[in-house]
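Chain by chain, the residues run as shown.
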Amino acid sequence: MSTYIVGDIQGCFDELQRLLEQVQFNPSRDQLWIAGDLVARGPKSLETLRFMKELGDSGKVVLGNHDLHLLAVSLGVHRVKEKDQTAPIFEADDKQQLLEWLRKQPLLLEHPEFAMCHAGISPQWDLATAREAAREVESVLRSDQWQWLIENMYSNQPDIWNDDLQGIDRYRYIINAFTRMRFCYADARLDMDSKLPPQEVTDGSLIPWFKLDSRKTIEKPIIFGHWAALEGLFTESEIGLDTGCVWGGSLTMLRWEDKQYFTQPAL
């Protein structure tokens, strides 16, 4: 069995299929893990959702910010953005089944040898705290309260973790850390605005979440997506797989067992 891991697809379904052809992916023996953002600005978000749902246990997905935004659009919290090519999802006969499947996906997935989430793990959390935080929000998303959570999740505050956070404040921080985080300030507060490459932040005011000196130790490598401006990050402890396919870059896939990378340029 091989474990294949892919960054943000964002509806770039044809590129995903080309990657899977490269490695002769077989769902009867292999697994495909996706680091969030199945949908958004690529042309085939509907096909991507259907494909991952139909993979069943052979497909593993974590929620990204665009996936949560899709749920917000389904509730009328936001309109479909023209640049998000997701309108076909809302016209599909299986729309409801796809959205139900999507909201039941986790924020954090663990393999015996790595952890995967969309944006990263808060530098204030160890893995046990991250696991507990993810389960809290996932339980709400899978409950009758999910609409309330989606309707109230949009805020950049609170921007720092405290074990005493409660209710929507607690959930907002957890969602933002797992799905939106890129930079932090030196005191570990989250910055929700900058999308720049780290090398373009020259005044030292913002620090990538994975480089904060006070960051707690995580026992496993973290695999994430979300930050296309990194153009990939490949270290022993952090692997960033978003290489901007939807922006004209490429889709990147890692085969975990032998650490081999495969790429497919945007079509």
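Residues numbered from 1 in each chain as written. Predicted model: local features only at pLDDT ≥ 70, side-chain atom pairs only at ≥ 80, totals over all residues. Heavy atoms only, no water.

Quick notes on the overall build of the protein chain
The cut-off we apply is this: Secondary structure elements follow DSSP: runs of H or I of four or more residues count as helices, runs of E of two or more count as strands, with numbering from the N terminus. Radius of gyration: over C-alpha atoms. The globule rule applied is 2.2 Å multiplied by the number of residues raised to the 0.38 power. Residue exposure (1.4 Å probe, protein chains only): buried if accessible area is under 20% of the type maximum, exposed if over 50%, otherwise partly exposed.
When helices and strands are counted, the protein chain shows eight helices and 13 strands. A compact globule built from 267 residues would reach a C-alpha radius of gyration of about 18 Å, and the protein chain, at 17 Å, matches this within 12%. Overall, the protein chain is about 45 × 40 × 35 Å in size when its C-alpha atoms are taken along their principal axes. Sorting the 267 residues of the protein chain into buried and exposed places 57% on the buried side.

As for the nonpolar core
Side chains of nonpolar character tend, in soluble globular proteins, to be buried together. For clarity, the threshold we go by: Among buried residues, the Ala, Val, Leu, Ile, Met, Phe, Trp, Tyr and Cys ones that are joined through side-chain atoms within 4.5 Å form a nonpolar core. Two residues form a contact once any of their heavy atoms are found within 4.5 Å.
Among the nonpolar cores identified, the biggest contains 79 residues, and Leu32, Leu38, Leu49, Met52, Ile121, Trp125 and Phe178 are the most heavily contacted of them. Ignoring anything within four residues of it in the chain, the contact list for Met52 reads Leu32, Ile34, Leu38, Gly59, Lys60, Val61 and Trp101. Listed in part, the 12 residues of the second largest apolar core include Ile5, Leu109, Ile239 and Trp256.

Here's the deal with unusual backbone geometry
The step from Gln157 to Pro158 runs through a cis peptide bond, and the omega angle for that step is 0°. Considering the arrangement of structural elements, one finds Pro158 in the loop between helix H7 (146-152) and helix H8 (167-179). Even without being glycine, Asp37 reaches a positive phi, approximately 55°. Among the structural elements, Asp37 can be located in the loop between strand S2 (31-34) and helix H2 (45-54). Judged by relative accessible area, which is 2%, Asp37 ranks as buried. Of note, Lys259 is a non-glycine position whose phi angle comes to about 55°, a positive value. With respect to the secondary-structure elements, Lys259 resides in the loop between strand S12 (250-255) and strand S13 (260-265).

Focus on the side chain of Arg215
Put simply, the test is: The definition of a polar contact used here is a pair of N or O atoms within 3.5 Å, where within protein one atom must be able to donate a hydrogen and the other to accept one, and adjacent residues in sequence count solely through side-chain atom pairs.
Locating Arg215 in the fold gives a position in the loop between strand S8 (207-208) and strand S9 (222-224). A polar side-chain atom of Arg215 sits 3.2 Å from the main-chain carbonyl oxygen of Phe210. Those residues within four positions of Arg215 in sequence are excluded, and the remaining contacts are Pro123, Trp209, Phe210, Ile222 and Glu238.

Some thoughts on the state of the cysteines
To keep it simple, the criterion reads: By convention in this document, the label disulfide applies to cysteine sulfur atom pairs within 2.5 Å.
Here the structure, examined in full by the defined rule, presents zero disulfides. For Cys12, which is in no disulfide, the shortest distance to another cysteine sulfur is to Cys245 and amounts to 3.7 Å. Just so you know, Cys184 is unpaired, no disulfide at all, and the nearest cysteine sulfur is the one on Cys117, 13 Å from it.

Topic: the pattern of salt bridges
Short version of the rule: Salt bridge, as applied in this entry: a Lys or Arg side-chain nitrogen positioned within 4 Å of an Asp or Glu carboxyl oxygen.
Throughout the structure, instances matching the rule amount to 15 salt bridges. For Arg189, the salt bridge is made with Asp187, and the minimal N-O distance between the two is 2.9 Å. Owing to a relative accessible area of 30%, Arg189 belongs among the partly exposed residues under this scheme. Given a relative accessible area of 42%, Asp187 falls into the partly exposed group.

Structural notes on the sheet that holds strand S1 (residues 3-6)
Where we set the bar: If DSSP finds at least two bridges between two strands, the strands pair. Fitting a line to C-alpha atoms yields each axis, with helices limited to the stretch in contact; the angle taken between N-to-C directions then spans 0 to 180 degrees.
Here we have five strands laid out as an open sheet, ordered S3-S2-S1-S12-S13, and mixed in their pairing. What marks the edges here is a single partner per strand, and that holds for strand S3 (59-61) and S13. Here the strands of the sheet are splayed against their neighbours by 20° on average, with no regard to which way each runs. Judged from the four bridges that link them, S1 and S2 form a sheet pairing that is parallel. Bridging from a neighbouring strand, Thr3 pairs with Gln31 of S2.

Quick look at the pairing of S12
Burial of S12 is extensive: six of the six residues sit out of reach of the surface. Here S12 shows two buried faces, one formed by Ser250, Thr252 and Leu254 and the other by Leu251, Met253 and Arg255. Bridge count between S1 and S12: three bridges; the pairing is antiparallel. The partner of Val6 across the bridge, within S12, is Met253. By the bridge criterion, six bridges tie S12 to S13 in an arrangement that is antiparallel. Bridge pairing links Thr252 to Thr263 in S13. Counting the residues between successive antiparallel strands, the hairpin from S12 to S13 contains four residues, one of them, Lys259, with a positive phi of roughly 55°.

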